[in-house]
Amino acid sequence: MDDSYYMELALAEARKAFDLGEVPIGAVLVIDDQVVASAHNMREEWHDATAHAEVIVIREACRQLKRWRLTGATLYVTIEPCPMCAGALVMSRVDRLVYGSPDYKAGAVESLFNIVKHPGLNHRLEITAGVLADKCSGIMKEFFRMRRK
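Attention in this report is confined to the structure presented alongside it.

What counts as what
- All chains use their own residue numbering, which begins from 1 and follows the written sequence.
- For this predicted model, a pLDDT threshold of at least 70 governs which residues receive local features, and a threshold of 80 or more governs which side-chain atom pairs are given and counted, while totals over whole chains, interfaces and linings are taken from all residues.
- With hydrogens and water excluded, all non-hydrogen atoms of the structure serve as input to the side-chain values.
- Definition of nonpolar core: a set of buried residues of the types Ala, Val, Leu, Ile, Met, Phe, Trp, Tyr and Cys, connected through side-chain atoms within 4.5 Å.
- A 1.4 Å probe rolled over the protein chains alone gives each residue an accessible area, and that area as a share of the maximum for its type sets the label: buried under 20%, exposed over 50%, partly exposed in between.
- Helix and strand definitions here come from DSSP, where helices need a minimum of 4 consecutive H or I residues and strands a minimum of 2 consecutive E residues; each element is numbered from the N-terminal end.
- Note on contacts: a residue pair qualifies if any of its non-hydrogen atoms lie within 4.5 Å across the two residues.
- Only C-alpha atoms enter the line fits that serve as axes; for helices the fit covers just the stretch in contact. Angles between N-to-C directions range over 0 to 180 degrees.
- Angular relationships are summarised with four words: roughly parallel below 35 degrees, roughly antiparallel beyond 145, roughly perpendicular across 65 to 115, and oblique for the angles in between.
- Here a crossing is taken to be left-handed if its near helix is turned anticlockwise relative to the far helix by less than a right angle, and right-handed if that turn runs clockwise.
- Classification used: nonpolar for Ala, Val, Leu, Ile, Met, Phe, Trp, Tyr, Cys and Pro, charged for Asp, Glu, Lys and Arg, polar for all others including Gly.
- Only strands joined by at least two bridges in the DSSP assignment are considered to pair.

Digging into the nonpolar core
Then step 1. Ranked by internal contacts, the top residues of the largest apolar core, which has 47 residues, are Leu 29, Val 57, Leu 70, Leu 75, Leu 97 and Leu 125.
Then step 2. Broken down by secondary-structure element, the contributors of at least two residues to this core are helix H1 (3-20), strand E1 (26-31), strand E2 (34-40), helix H3 (53-65), strand E3 (73-79), helix H4 (83-91), strand E4 (96-101) and helix H5 (133-148).
Then step 3. Not counting chain neighbours up to four residues away, the residues in contact with Leu 70 comprise Leu 29, Ile 58, Ala 61, Cys 62, Leu 65, Ser 92, Arg 93, Val 94 and Asp 95.

With respect to the packing of H3 against H4
Two packed helices can be described by the angle between their axes and the distance between those axes.
Then step 1. As a packed pair, H3 and H4 sit with axes 9 Å apart at the nearest point and diverge in direction by 25°. As the angle between them shows, H3 and H4 are arranged roughly parallel. Considering only the axes of H3 and H4, their crossing is left-handed. Seen from H3, the contacting residues are Glu 54, Val 55 and Ile 58; seen from H4, they are Met 84, Cys 85, Ala 88 and Leu 89.
Then step 2. Tallied by class, the residues present in the contact of H3 with H4 amount to six nonpolar, no polar and one charged.

Remarks on the sheet that holds E3
Then step 1. The strand order across the open sheet formed by five strands is E2-E1-E3-E4-E5, and the pairing between neighbours is mixed. Among the strands making up the open sheet, the edge pair consists of E2 and strand E5 (126-129). Each strand axis lies, on average, 15° off the axis of its neighbour in the sheet, ignoring direction.
Then step 2. Where E3 meets E4, five bridges bridge the pair, whose relative direction is parallel.

Considering the packing of H1 against H5
Then step 1. At a minimum axis distance of 10 Å, the contact between H1 and H5 shows a crossing angle of 5°. Here H1 is positioned roughly parallel relative to H5, judged by the angle of their axes. Between H1 and H5, the residues in contact are Met 7, Glu 8, Leu 11, Ala 14, Arg 15 and Phe 18 and Lys 135, Cys 136, Ile 139, Glu 142, Phe 143 and Met 146, respectively.
Then step 2. Residue classes in the contact of H1 with H5 are distributed as eight nonpolar, no polar and four charged.

Take a look at the structure:
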């Protein structure tokens, strides 16, 4: 299984969010080729500004593993994480981030900021960007096109 396989799983989560009327972002956390947790945005449904896919998947993985340090983990997410989510990745010690499409309005990995590799922080992540980028940006474009109608 490779990065594309797990990103497809994250896209399946994004489709669930889409169907709920949520911004279609999905995330999957993997350790040793095993999916530990998967999630999608739930801000509207839960009335919770922090209910981003990445935060939910981190919380669920910590619960499943009964630990807050997610060393050895790779997080797959369809869109570049925002500052809150990038900070959560650093604080939870995720080792690797794989994301699909950049977010030029709120991205905190490469687009606007680079929180996950900031030299002042005590943990830095390995980054792989652009995995299935067209599919990841496509579902976002479709969602916002429908919202504007």
